[in-house]
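# Reading the structure
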Amino acid sequence: MRAAPHELDEEGLVRLVARGDRGAFEELYRRTSPWLAVRLRRRCADEQVVAEVMQETYLAVWRAAGAFAGAAAGGTAVGWLWTIAARRLVDAFRRRAHHAEPPLAAAPQPVAPAAEEEALAASVGGDVGDALRRLAPELREVLRAMVLDGLTVRETAVLLGLPEGTVKTRARRARIAMREALT
């Protein structure tokens, strides 16, 4: 007797999706799409891009669910889903940059902090917040992905387009810098 989709965890749902189970796909979408949309919006304010990335992500999940290795490869279904979405978001940014026309007389504009930076500053105050803001952007980016987003080294590497060794090195440098700043 097979369990109903609402009784399975996300990994079980992906396994059923790999066999073409539409009910499992719908349950997976129902559980993960709100969370995924929030994470994508943290990185992109354009709702149209977020909607396109969501659609491309779930289409890729439907088509490639059989390729999901799961816990056997040290991953999770949610991490796998986020990796797909992150790649699709990077692709969307690349497409947008490729098609964008630079203005003829582009004067440098002051750079406003990203919403994520403002949220981080508001939620992490005091000495920790100050230490985070003093980190180099590439170190802060790795910390954000691994600590705030809860991604693994492999998932962070995919998201940021970096080798895993570079992610490990930056995470270590970020921890050392934070430790020094807080002592």
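Residues numbered from 1 in each chain as written. Predicted model: local features only at pLDDT ≥ 70, side-chain atom pairs only at ≥ 80, totals over all residues. Heavy atoms only, no water.

With that out of the way, let us pick up the pattern of salt bridges. All told, the structure shown has 8 salt bridges when counted by the stated rule. Between Arg41 and Glu47 there is a salt bridge; the shortest N-O distance is 2.8 Å. Residues joined in a network through salt bridges with shared partners are Glu10, Glu27, Arg30 and Arg31. (Salt bridge = Lys/Arg side-chain N within 4 Å of Asp/Glu carboxyl O.)

Its location among the elements puts Thr57 in helix α3 (residues 47-64). Not counting residues within four places of it along the chain, the set of residues in contact with Thr57 comprises Leu36, Leu81, Ile84, Ala85 and Arg88. (Helix = DSSP H or I, 4+ residues; strand = E, 2+ residues; numbered from the N terminus. Contact = heavy atoms within 4.5 Å.)

Moving on: the packing of aromatic side chains. Taken as a whole, this structure holds 4 aromatic pairs when the rule is applied. Each ring, one from Phe25 and one from Trp62, has its centre 5.3 Å from the other, and the planes form 80°; the classification is edge-to-face. In this pair, Phe25 is assigned in helix α2 (residues 22-43) and Trp62 in helix α3, connecting sequence segments 37 residues apart. By relative accessible area, Trp62 is classed as partly exposed at 29%. For the ring pair Phe68 and Trp80, a centre distance of 5.1 Å and an interplane angle of 50° mean the geometry is tilted. Taken together, the residues span a long stretch of sequence, with Phe68 in the loop between α3 and α4 (77-99) and Trp80 in helix α4 at a distance of 12 residues. Accessibility classification places Phe68 together with Trp80 in one group, the buried group. An aromatic cluster is built from Phe25, Tyr29, Tyr58 and Trp62, whose rings are joined through pairwise contacts. A cation sits over an aromatic face here: Arg39 above Trp82, 4.3 Å from the ring centre. (Phe/Tyr/Trp six-rings, centres within 6.5 Å; stacked < 30°, edge-to-face > 60°. Buried < 20%, exposed > 50% of the residue type's maximum accessible area, 1.4 Å probe, protein only. Lys NZ or Arg CZ within 6 Å of the ring centre and 35° of its normal.)

As a further point, take the environment of Gly20. Summarising the element assignment, Gly20 is placed in the loop between α1 (10-18) and α2. The partly exposed category is assigned to Gly20, whose relative accessible area is 40%. As a C-alpha pair, Gly20 and Ala65 span 45 residues in sequence and 9.1 Å in three-dimensional space.

Everything listed here is a matter of geometry and, on its own, says nothing about what the molecule does.
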